[in-house]
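Understanding the architecture of this molecule
If you want the building blocks of each chain, they are given just below.
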Amino acid sequence: MQLKDRLKQYKKSIWKAQDNDILNYRFRGPDNIKYNCKYPLLFFLHGAGGRGSNNEDQLLDAGSLGAFSKQNIFSKHSSYILAPQVPNDKKWVDVEWNTQKHDMPKISNTMDMALKLLDEIIDTHPIDINRIYILGLSMGGFGVWDALQRRPNFFAAGVPICGGGDTSKSRIISHIPIWAWHGDRDIVIHVDRSRNMYRTIKKYDANITYSEIKERGHDVWLDAWNSKELWDWIYQQHL
């Protein structure tokens with residue numbers, strides 16, 4: 001199946017905030033939805049290459065669309081997926097990517113809308129609130145750390161790929177199952193961003209796994225996409 005045909009399987013929608021600001025998003029449900037059953041949801045945060053206004057690139061960039069198909073998340077794992085799109089020149093988290101310093105800023109407008117959209121989706125669909133997962137890459141990896149720290153009792157698991165967060169808030173998320181990924185040759189977002197998060201969280205006897213891929217650059221999401229172990233792990237997690 002061609003990528004454009006796969007993309008059509010995701011409902012194309014626009015969410016409007018109370019101030020009339022809008023957020024583009026794609027949404028898809030499991031292949032087979034049974035009456036009176038609840039299903040997990042994967043909240044996907046794309047990287048900088050997925051920004052825009054076409055409501056497509058958040059899934060076409062970085063091979064995420066193909067990965068979700070390859071890992072059979074809609075059949076084997078019977079999952080929903082929600083994928084909002086950041087507008088051009090905006091971020092999930094308003095921080096610099098090329099520094100080691102990170103103090104959690106005020107929530108970005110994009111993240112604020114995305115979390116409100118997520119709440120609405122949960123309220124209007126048969127979602128299992130004990131199995132809501134968040135995964136993101138690069139700019140979206142920063143978004144995963146940010147969302148986990150803002151909602152430390154909300155997500156059943158988090159997968160931040162080549163991102164970074166506020167290490168001073170590590171303790172509040174140390175109970176969350178987390179599997180972080182980074183390439184040791186990443187020249188876009190330094191590998192220390194993930195190393196530092198892992199080291200500080202690990203101090204609290206946390207449930208965290210860290211995969212640092214040797215000789216891999218910024219595109220470490222390719223290793224995550226191909227890891228059957230990762231995807232099975234995600235859908236085994238519960239609050």
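Described in the following lines is the structure provided in the data block. (Residues numbered from 1 in each chain as written. Predicted model: local features only at pLDDT ≥ 70, side-chain atom pairs only at ≥ 80, totals over all residues. Heavy atoms only, no water.)

As a further point, take the packing of aromatic side chains. For any pair of aromatic rings, geometry is given as the distance between the ring centres together with the angle between the planes. Enumeration according to the criterion identifies 14 aromatic pairs in this entry. Geometrically, the ring pair formed by Phe 68 and Trp 231 is edge-to-face, given 6.0 Å between the ring centres and 75 degrees between the ring planes. Within this pair, whereas Phe 68 is found in helix H3 (residues 64–70), its partner Trp 231 is found in helix H8 (residues 228–234), the two being separated by 163 residues in sequence. As far as the burial class goes, Phe 68 and Trp 231 line up, both buried. Ring-pair connections join several aromatic residues into one group, and the members of that group are Phe 44, Phe 68, Trp 225 and Trp 231. Over the aromatic face of Trp 97 sits the side chain of Lys 91, whose NZ or CZ is 4.7 Å from the ring centroid. One residue, Arg 151, lies across the ring of Phe 154, its end atom 4.7 Å from the ring centre. (Phe/Tyr/Trp six-rings, centres within 6.5 Å; stacked < 30°, edge-to-face > 60°. Helix = DSSP H or I, 4+ residues; strand = E, 2+ residues; numbered from the N terminus. Buried < 20%, exposed > 50% of the residue type's maximum accessible area, 1.4 Å probe, protein only. Lys NZ or Arg CZ within 6 Å of the ring centre and 35° of its normal.)

With twelve residues, helix H5 (residues 139–150) should reach 16 Å at 1.5 Å per residue; the first-to-last C-alpha distance of 17 Å fits that figure. Most of H5 sits inside the fold, with eleven of its twelve residues counted as buried. Every buried residue of H5 is listed here: Met 139, Gly 140, Gly 141, Phe 142, Gly 143, Val 144, Trp 145, Asp 146, Ala 147, Leu 148 and Gln 149. (Expected span 1.5 Å × (residues − 1).)

Among soluble globular proteins, nonpolar side chains are generally buried collectively. Membership of the largest hydrophobic core comes to 45 residues, with the highest contact counts inside it found for Leu 41, Phe 43, Leu 82, Leu 118 and Phe 155. Top contributing element to this core by residue count: helix H4 (residues 109–124), with eight residues. Look past the residues within four positions of Leu 82 in its chain and what remains in contact with it is Tyr 25, Arg 26, Phe 27, Leu 41, Leu 42, Phe 43, Phe 44, Leu 117, Leu 118 and Ile 121. Ranked by size, the runner-up nonpolar core spans 32 residues in total, among them Leu 59, Val 220, Trp 221 and Trp 231. (Core = buried A, V, L, I, M, F, W, Y, C linked by side-chain atoms within 4.5 Å. Contact = heavy atoms within 4.5 Å.)

It is worth spelling out the pattern of salt bridges at this point. Evaluated as defined, the whole model comprises 13 salt bridges. In this structure, Asp 31 engages Arg 28 in a salt bridge whose closest nitrogen and oxygen atoms are separated by 3.0 Å. Asp 31 gets classed as partly exposed once you look at its relative accessible area, which sits at 41%. Residue class for Arg 28 comes out buried when judged on its relative accessible area of 15%. The closest approach of N and O atoms between Asp 223 and Arg 216, which form a salt bridge, is 2.7 Å. (Salt bridge = Lys/Arg side-chain N within 4 Å of Asp/Glu carboxyl O.)

The end-to-end C-alpha separation of H4 is 23 Å, in line with the 22 Å expected for 16 residues at 1.5 Å each. What H4 keeps buried is the set Thr 110, Met 111, Met 113, Ala 114, Leu 115, Leu 117, Leu 118, Ile 121 and Ile 122. Those residues of H4 that are buried lie in contact with strand E1 (11–16), strand E2 (22–28), strand E3 (39–45), strand E4 (80–85), strand E5 (127–137) and H5.

Limitation: the analysis is restricted to geometry and does not speak to function.
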